[in-house]
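Next come the chains, spelled out residue by residue.
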Amino acid sequence: MHDMDHRLLSALRDCGTDPRVATAARVLSWSGEHAALWIAAGLVGAAADRERRGAWLRGTALTAAAHLASMGVKRIVRRPRPGGTGSAEPLVRTAGRHSFPSSHATSAAAATVAYGALRPAGARLVPPLAAAMCVSRMVVGVHYPSDVAAGAALGALTARAGAAWMKGGRVDA
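Residues numbered from 1 in each chain as written. Predicted model: local features only at pLDDT ≥ 70, side-chain atom pairs only at ≥ 80, totals over all residues. Heavy atoms only, no water.

A. Summary view of the pattern of salt bridges. In the structure shown here, the tally under the stated rule is six salt bridges. A salt bridge links Arg-7 to Asp-3; its shortest N-O distance comes to 3.2 Å. Here the residue Arg-7 and the residue Asp-3 both occupy positions in helix 1 (residues 2-15), the gap between them amounting to four residues, near one helical turn. According to the relative accessible area criterion, Asp-3 is partly exposed, its value standing at 48%. Its salt-bridge partner being Arg-52, residue Asp-49 comes within 3.3 Å of it at the nearest N-O pair. Judged by its relative accessible area of 7%, Asp-49 is buried. Under the relative-accessibility criterion, Arg-52 is labelled partly exposed at 25%. The network of salt bridges with shared partners includes Asp-5, Arg-79 and Asp-147. (Salt bridge = Lys/Arg side-chain N within 4 Å of Asp/Glu carboxyl O. Helix = DSSP H or I, 4+ residues; strand = E, 2+ residues; numbered from the N terminus. Buried < 20%, exposed > 50% of the residue type's maximum accessible area, 1.4 Å probe, protein only.)

B. Unusual backbone geometry, seen in detail. The linkage connecting Phe-100 with the following residue, Pro-101, adopts the cis geometry, with an omega of -5°. Structurally, the position occupied by Pro-101 is in the loop between helix 4 (53-77) and helix 5 (103-116). Even without being glycine, Ala-35 reaches a positive phi, approximately 65°. Locating Ala-35 in the fold gives a position in the loop between helix 2 (19-31) and helix 3 (36-48).

C. A look at the side chain of Thr-158. Looking at the secondary structure, you find Thr-158 in helix 7 (residues 145-161). If near-sequence neighbours (up to four positions away) are discounted, Thr-158 is found in contact with Leu-62 and Ala-66. (Contact = heavy atoms within 4.5 Å.)

D. Summary view of the nonpolar core. By size, the foremost hydrophobic cluster in this structure holds 20 residues, and its most contacted members are Trp-38 and Tyr-115. The set of elements that each furnish at least two residues to this core consists of helix 3, helix 4, helix 5 and helix 6 (120-139). In contact with Trp-38, not counting residues within four places along its chain, are Thr-63, Ser-107, Ala-108, Ala-111, Tyr-115, Val-126, Leu-129, Ala-130 and Met-133. Core analysis: the second largest hydrophobic core is formed by seven residues, Ala-22, Leu-91, Val-140 and Val-142 among them. (Core = buried A, V, L, I, M, F, W, Y, C linked by side-chain atoms within 4.5 Å.)

E. View of the packing of aromatic side chains. According to the stated counting rule, one finds one aromatic pair in the structure shown. Ring centres of Trp-56 and Tyr-115 lie 5.2 Å apart, and the angle between their planes is 40°; this geometry places the pair in the tilted category. You can see Trp-56 sitting in helix 4 and its partner Tyr-115 sitting in helix 5, a full 59 residues away along the chain. In this structure Trp-56 comes out as buried when scored by relative accessible area, which is 8%. (Phe/Tyr/Trp six-rings, centres within 6.5 Å; stacked < 30°, edge-to-face > 60°.)

Here it is, written out as structure tokens:
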């Protein structure tokens with residue numbers, strides 16, 4: 001697994017040598033910092049869709065909760081970010097030094113599950129953007145593929161676990 005993680009990261013990181021790809025990856029990485037893009041999207045959804053305002057706000061809360069959960073896991077696992085001798089310099093600065101799981105991937109997957117359940121447009125628009133954000137973290141050289149996969153799984157599971165609550169139902173303990 002370790003070898004495959006490094007080979008995939010290297011291949012994706014090489015994509016960042018194209019200035020257009022590097023710029024897009026930087027923008028995606030920047031917009032996903034602290035789940036900002038996904039929280040903003042949820043708040044816009046709440047403002048625009050009065051009929052489902054409560055569900056949008058609860059979906060936004062689930063997305064934020066997933067992000068916080070990933071930060072908690074990072075503090076326990078403490079996997080260092082890619083880098084070191086012979087590695088290409090990352091294309092972005094990071095808020096923290098731990099890599100596992102990717103908080104960007106966690107919040108992107110949580111938003112995909114939560115917002116996709118609210119509107120058909122969300123089910124079509126959010127997944128490609130979320131996938132691009134996940135890939136961007138490897139292109140900029142700050143996450144291994146396993147970090148991104150674990151983050152996406154954590155985000156999807158968190159949002160799925162809160163789906164009934166998000167739609168206004170009760171969550172039984």
